[in-house]
Amino acid sequence: MASVKVYGPTLPSASVSRVLACLIEKDVEFQVISVELSKGQHKLPQHLKIQPFGQVPAFQDEDIILFESRAICRYVSEKYQNQGNTALFGTNPLTKALIDQWLEAEGQNFNPPNSALIFQLAFAPMMELEQDPIVIKQSEKKLAKVLDVYERRLEESRYLAGEEFTLADLSHLPMTQYLVNKTDRGELITSRKNVARWWGEISRRDSWKKVIEMQNAPPRA
Ligand SMILES: N[C@@H](CCC(=O)N[C@@H](CS)C(=O)NCC(=O)O)C(=O)O
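Note that the structure is predicted; figures quoted are calculated from it, not measured.

> In this structure, what is going on with the packing of aromatic side chains? I would like to understand it.
In this description, an aromatic ring pair is defined by two values, namely the gap between the centres and the angle between the planes. Overall, the coordinates contain seven aromatic pairs when judged by the stated rule. With a centroid separation of 5.9 Å and 70 degrees between ring planes, the pair formed by F59 and Y75 is classed as edge-to-face. Here F59, found in strand β3 (residues 58-61), pairs with Y75, found in helix α3 (residues 69-79); they are 16 residues apart in sequence, far enough to count as distant. Here F59 falls in the buried class, since its relative accessible area comes to 1%. For the ring pair W102 and Y150, a centre distance of 5.6 Å and an interplane angle of 90 degrees mean the geometry is edge-to-face. Here W102 is found in helix α4 (residues 93-126), whereas its partner Y150 is found in helix α5 (residues 133-156), with 48 residues between them in sequence. Exposure class is identical for W102 and Y150. Each is buried. Counting every residue linked through ring pairs, the aromatic cluster contains W102, F110, Y150 and W198.

Have a look at this one:
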């Protein structure tokens, strides 16, 4: 089997990390093709052909080209259904629907306030931009409400979509990692008993540890 290609930067990128974690869970061989954001390579015509919005990741499996990290993860899980973690995207219509439901919750409910908070607390200072205290307060409040829903859900089931680790959980890894490790608001996760237990379990998976190792590896020449 030829290896699939992920186009992404050497620096950590949440959307690229989501795809890499999925490929590792599914035991799919891959190579990362360097697209350096700092050099504007994601805006070059050759990259726009595979990611028309000028972002990373883009993904190639032989003659198939895809963008959007969550769509790539769904494709990888279906195409390589019988290898690696076979429960990742469910095995029947109901489990698939439950996984999709929580994947949507991640993209629509969790990610917007979480990304806004991370941008304000971690990236704005690095980029020497002024922080906006109103955005910080509102995002924290919104995220807390979302996590209260997660807390109730995770009281009744081990993982978001049921008793198995699935794409729904995996999709939360990159941005929760940022919240816990790159901001001083990790308590939003650790102060909620079931969310904290869930985060502990999913972040200790071998697949995620490998992604972190790749992120910490010295940049390629
Ligand atoms: N919804 C997209 C988001 C992609 C995205 O925001 N990528 C960031 C890196 S994590 C990027 O390319 N940023 C550079 C830019 O937008 O110019 C996905 O999940 O693939």
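> Quick question: what am I supposed to make of the domain arrangement of the protein chain here?
In many analyses, interface size is given as the accessible surface area lost on bringing the parts together. Domain assignment breaks the protein chain into domain 1 (4-86) and domain 2 (93-205). At the interface, 13 residues of domain 1 touch 15 residues of domain 2. It is R18, R70 and R74 in domain 1 that bury the most area against domain 2; as a group they hold 45% of the surface buried on that side. One can count six salt bridges joining domain 1 with domain 2. E25 is the salt-bridge partner of R205, the closest N and O atoms lying 2.8 Å from each other. Summed over the shared surface of domain 1 and domain 2, the result is six residue pairs in polar contact (both at pLDDT 80 or more). Among the secondary structure elements, those contributing two or more residues to the side of domain 1 that touches domain 2 are α1 (14-25) and α3.

> Explanation requested: the side chain of E25 in the structure shown.
With respect to the element layout, E25 can be found in helix α1. Residue E25 is classed as buried on the basis of its relative accessible area of 9%. In this structure, E25 is in contact with G84, N85, L88, F165, L170, R205 and S207, ignoring residues within four places of it in sequence.

> Even after reading the chapter, I still don't get the site of the ligand, so can you show me in this structure?
Looking at the ligand, the residues that line it are S13, A14, S15, H42, K43, G54, Q55, V56, P57, E68, S69 and R70. At 2.9 Å, a backbone N or O of V56 approaches a nitrogen atom of the ligand. At the level of secondary structure, the elements contributing two or more residues to the shell around the ligand comprise α1 and α3. Partitioned by chemical class, the residues of the shell around the ligand number three nonpolar, six polar and three charged.

> Just to check I follow, could you spell out the pairing of strand β1 (residues 4-8) for this structure?
Where burial is concerned, most of β1 is hidden: four out of the five residues are buried. The pairing of β1 with strand β2 (residues 30-34) spans five bridges and is classified as parallel. Paired with V6 across the bridge in β2 is V32. Each parallel crossover has a hand, and for β1 linked through α1 to β2 it is right-handed. Note: β1 against β3, three bridges, orientation antiparallel. Directly across from K5, in β3, lies its bridge partner Q60.

Definitions and cut-offs
- Residues numbered from 1 in each chain as written.
- Predicted model: local features only at pLDDT ≥ 70, side-chain atom pairs only at ≥ 80, totals over all residues.
- Heavy atoms only, no water.
- Phe/Tyr/Trp six-rings, centres within 6.5 Å; stacked < 30°, edge-to-face > 60°.
- Helix = DSSP H or I, 4+ residues; strand = E, 2+ residues; numbered from the N terminus.
- Buried < 20%, exposed > 50% of the residue type's maximum accessible area, 1.4 Å probe, protein only.
- Domains from an automatic or database assignment.
- Contact = heavy atoms within 4.5 Å.
- Buried area = accessible area lost by both parts, 1.4 Å probe.
- Salt bridge = Lys/Arg side-chain N within 4 Å of Asp/Glu carboxyl O.
- Polar contact = N/O pair within 3.5 Å; in protein donor to acceptor, adjacent residues only side chain to side chain.
- Near = heavy atom within 4 Å.
- Nonpolar A, V, L, I, M, F, W, Y, C, P; charged D, E, K, R; others polar.
- Pairing = 2+ DSSP bridges.
- Right-handed = clockwise from strand over helix to strand, strands pointing away.

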